[in-house]
Amino acid sequence: PRLEQITLIVMFRTVLALAAVASAAAFAPAPAFAPKAVTRAAATHAPRMAVFGGEFSESVPFLKTPTNLDGSLPGDVGFDPLGFSEVFDIKVLREAELKHGRIAMLATLGYLVQEAYVLPFFEKVPPIQAHDMLVKSGGMSQILLWTSFLEIFGGIALFQTIQGRRYPGDFAFDPLG
């Protein structure tokens, strides 16, 4: 092989290894009680706009501080411009945020891998055509079936989170120890 091909292979394997480590780290539980200074370290103080009385959010200085965001969760700096934390339980929102972030990471990794590698006995197909082929052949129905099956267990885990028996996003799965 030529030097360019070897360099490309090494770069691909490095990116793949880093993506695997990053996705595995997403399943590691966050510390339950981080110091407030750590959770708010990235926040800066902006000028306050005195449109109405009350405490203003550090992340969006012209909005009031959400009452349910008290800084107890990692990364909580009071960012809730649409007010979802006033309607839904904050544990449910945190669980949904972690789940959607992990799905997005896995989808990105899957897209990159299928672009760079083709399994034996399969032909290389562009992503849009692959989607259409899977819809016609019924492959997307299988994906829907297995995703629905996994959502049942996600619902059980969500009830455990609401009851306080489980921290949001913690599935007790840490392959790196």
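In the block above lies the structure referred to throughout.
First things first, this report covers the structure right here in the doc. Fair warning: this is a prediction, and the values are worked out from it, not measured in the lab.

Focus: the overall build of the protein chain
Then, in step 1: Along its length, the protein chain carries six helices and zero strands.
Then, in step 2: Overall, the protein chain shows an N-to-C arrangement of helices and strands of α-α-α-α-α-α.
Then, in step 3: Counting all 177 residues of the protein chain, 16% fall into the buried class.
Then, in step 4: Across the protein chain, every contact between residues at least 6 apart in sequence was considered, and the portion connecting residues at least 24 apart equals 42%.
Then, in step 5: Summed over its atoms, the accessible surface of the protein chain is roughly 13200 Å², and 71% of this surface lies on carbon and sulfur atoms.

With respect to the side chain of Arg 166
Then, in step 1: Its place among the elements puts Arg 166 in the segment after α6 (139-162).
Then, in step 2: A distance of 3.1 Å separates polar atoms of two side chains, one belonging to Arg 166 and the other to Glu 95.
Then, in step 3: Sequence-distant contacts of Arg 166, defined by excluding residues within four places in its chain, comprise Glu 95, Ala 157, Leu 158, Gln 160, Thr 161 and Phe 171.

Description of a nonpolar patch on the surface
Then, in step 1: The grouping of Leu 145, Trp 146, Phe 149, Leu 150, Ile 152, Phe 153 and Ile 156 at the surface amounts to a nonpolar patch, some 780 Å² of accessible area in total.
Then, in step 2: Structurally, the position occupied by Phe 149 is in helix α6.

Focus on the packing of aromatic side chains
Then, in step 1: Summed over all chains, the structure comprises three aromatic pairs.
Then, in step 2: On the basis of an interplanar angle of 45° and a centroid distance of 6.4 Å, the ring pair of Phe 84 and Phe 88 is categorised as tilted.
Then, in step 3: What makes Phe 84 partly exposed here is its relative accessible area of 42%.
Then, in step 4: Plain terms: the ring middles of Phe 149 and Phe 153 are 5.3 Å apart, the flat faces sit at 85° to each other, and that makes the pair edge-to-face. Taken together, the positions of Phe 149 and Phe 153, both in helix α6 and four residues apart, correspond to about one turn of that helix.

The rules behind these values
- Residues numbered from 1 in each chain as written.
- Predicted model: local features only at pLDDT ≥ 70, side-chain atom pairs only at ≥ 80, totals over all residues.
- Heavy atoms only, no water.
- Helix = DSSP H or I, 4+ residues; strand = E, 2+ residues; numbered from the N terminus.
- Buried < 20%, exposed > 50% of the residue type's maximum accessible area, 1.4 Å probe, protein only.
- Contact = heavy atoms within 4.5 Å.
- Areas by Shrake-Rupley, 256 points an atom, 1.4 Å probe, with all protein chains shown as cover.
- Polar contact = N/O pair within 3.5 Å; in protein donor to acceptor, adjacent residues only side chain to side chain.
- Patch = residues over 30% accessible without salt bridge, like charges linked within 9 Å, V, L, I, M, F, W, Y side chains within 5 Å.
- Salt bridge = Lys/Arg side-chain N within 4 Å of Asp/Glu carboxyl O.
- Phe/Tyr/Trp six-rings, centres within 6.5 Å; stacked < 30°, edge-to-face > 60°.

The analysis is restricted to geometry; functional conclusions fall outside its scope.
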